[in-house]
Amino acid sequence: MTLVPVIETERLRLRGFRAEDLDAFAAFFASERSRFVGGPRDRRESWRGMTAIMGQWALLGYGLWAVEERASGALAGAVGIVNHVGWEEPELGYHLYDGFEGRGLALEAAQAARLHAARHFGLDRLISYIDPANARSLALARRLGAVHERDGGLLGKPCQVWRHPAVAEAVPA
């Protein structure tokens with residue numbers, strides 16, 4: 001079994017994905033909301049995506065965490081480090097599921113993941129690849145102290161590359 005470190009914040013638990021997370025994961029990826037993170041996709045492709053996340057932990061020692069709301073136990077999204085073959089460098093990635101936006105949960109999760117990545121994986125000053133049309137992700141990157149570094153492309157689509165500050169320089173919002 002791949003061991004994914006558990007991180008607890010005031011309102012969240014970042015943990016490894018479990019088989020029982022598939023319904024929430026697949027519901028998100030079946031929706032148009034997933035268009036900025038490789039969706040929409042069907043349930044079978046969602047399963048493949050979830051197992052690939054766990055495979056990255058096994059192969060690289062880091063990856064995406066499932067974001068669980070501690071109070072309800074509900075799966076709220078995903079956050080962590082994405083590093084696919086052919087990418088320039090590891091990315092701090094994040095997305096929340098329907099009903100969990102607007103409460104600062106993405107900020108809380110991303111700050112915790114970024115801090116853990118710097119302290120435990122030696123990954124600091126991460127980037128985030130962001131679709132220029134993804135206003136929520138752009139706003140979160142700014143709140144995290146990231147700055148637009150350059151325009152680029154990812155998976156055949158235009159994107160912006162945002163550079164996060166070193167963890168020692170990061171100021172909580």
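The preceding data block contains the structure.
Below you will find a few notes about this structure. (Residues numbered from 1 in each chain as written. Predicted model: local features only at pLDDT ≥ 70, side-chain atom pairs only at ≥ 80, totals over all residues. Heavy atoms only, no water.)

### Some thoughts on the overall build of the protein
So, point 1. Helix and strand counts for the protein come out as four helices and eight strands.
So, point 2. Ordered by position in the sequence, the α and β elements of the protein form the string β-β-α-α-β-β-β-α-β-α-β-β.
So, point 3. Taking 173 residues into account, the globule formula puts the C-alpha radius of gyration at 16 Å, and the protein, at 15 Å, falls close to it.
So, point 4. When its C-alpha atoms are laid out on the principal axes, the protein stretches across 35 × 35 × 35 Å.
So, point 5. Looking at the 173 residues of the protein, the share that counts as buried comes to 48%.
So, point 6. Counted over contacts in the protein with a minimum sequence separation of 6, partners at least 24 positions apart contribute 60%.
So, point 7. If you sum the accessible surface of the protein, you get close to 8,800 Å²; carbon and sulfur atoms cover 53% of it. (Helix = DSSP H or I, 4+ residues; strand = E, 2+ residues; numbered from the N terminus. Rg over C-alpha atoms; globule rule 2.2 N^0.38 Å. Buried < 20%, exposed > 50% of the residue type's maximum accessible area, 1.4 Å probe, protein only. Contact = heavy atoms within 4.5 Å. Areas by Shrake-Rupley, 256 points an atom, 1.4 Å probe, with all protein chains shown as cover.)

### Considering unusual backbone geometry
So, point 1. With a phi close to 55 degrees, R125 is a non-glycine residue in the positive phi region.
So, point 2. Along the chain, R125 turns up in the loop between helix 3 (105-121) and strand 6 (127-130).
So, point 3. Its relative accessible area of 38% is what places R125 among the partly exposed residues.

### Section: the nonpolar core
So, point 1. L14, F17, V79, L92 and Y94 are the most contacted members of the largest nonpolar core, which totals 51 residues.
So, point 2. The biggest single contributor to this core is helix 3, with eight residues.
So, point 3. Setting aside its immediate chain neighbours within four residues, F17 contacts F25, M50, I53, M54, L64, W65, A66, L75, G77, A78 and Y97. (Core = buried A, V, L, I, M, F, W, Y, C linked by side-chain atoms within 4.5 Å.)

### With respect to the environment of L60
So, point 1. Looking at where L60 falls in the secondary structure, it is placed in helix 2 (residues 43-60).
So, point 2. With 28 residues separating them in the primary sequence, L60 and E32 have C-alpha atoms 30 Å apart.

### Overview of the pattern of salt bridges
So, point 1. A full pass over the atoms with the stated rule returns 15 salt bridges.
So, point 2. The salt bridge involving R150 is made with E88; its shortest N-O contact spans 2.2 Å. Pair noted here: R150 is in strand 7 (residues 147-154) and E88 is in the loop between strand 4 (75-82) and strand 5 (91-96), with a separation of 62 residues, a long-range link.
So, point 3. On the basis of relative accessible area, R150 is assigned to the partly exposed category, the value being 27%.
So, point 4. R150 serves as the salt-bridge partner of E149, at 2.4 Å between the closest nitrogen and oxygen.
So, point 5. Relative accessible area serves as the criterion here: at 35%, E149 is assigned to the partly exposed category. (Salt bridge = Lys/Arg side-chain N within 4 Å of Asp/Glu carboxyl O.)

### Considerations on helix 3
Along an α-helix, residues three or four apart share an orientation, since each turn contains 3.6 residues.
So, point 1. Here helix 3 spans 23 Å end to end across 17 residues, near enough to the 24 Å set by a 1.5 Å rise per residue.
So, point 2. Judged by how many residues are buried, helix 3 sits mostly within the fold: twelve of 17 residues are covered.
So, point 3. By the burial criterion, the buried members of helix 3 are L105, A106, L107, E108, A109, A110, A112, A113, R114, H116, A117 and A118.
So, point 4. Elements in contact with the buried residues of helix 3: strand 1 (7-8), strand 2 (12-15), strand 3 (64-69), strand 4, strand 5 and helix 4 (135-143).
So, point 5. Positive phi shows up at G122, right after helix 3, with a value of about 70 degrees. (Expected span 1.5 Å × (residues − 1).)

### Regarding the packing of helix 1 (residues 22-30) against helix 2
So, point 1. Here helix 1 crosses helix 2 at 115 degrees, and the two axes come no closer than 9 Å. For helix 1 against helix 2, the interelement crossing comes out right-handed. Taking contact as the criterion, the partners of L22, D23, F25, A26 and F29 in helix 1 are, on helix 2, R43, S46, W47, G49, M50 and I53.
So, point 2. A class-by-class count of the residues in the contact of helix 1 with helix 2 yields seven nonpolar, two polar and two charged. (Axes fitted to C-alpha atoms, helices over the stretch in contact; angles between N-to-C directions. Left-handed = near helix turned anticlockwise from the far one by under 90°. Nonpolar A, V, L, I, M, F, W, Y, C, P; charged D, E, K, R; others polar.)

### Looking at the pairing of strand 3
So, point 1. Most of strand 3 sits inside the fold, with six of its six residues counted as buried.
So, point 2. Of the two faces of strand 3, the one carrying L64, A66 and E68 and the one carrying W65, V67 and E69 are both buried.
So, point 3. Sheet topology places strand 2 next to strand 3; four bridges connect them, and they run antiparallel. When the sheet's bridge partners are listed, L12 is paired in strand 3 with E69. (Pairing = 2+ DSSP bridges.)

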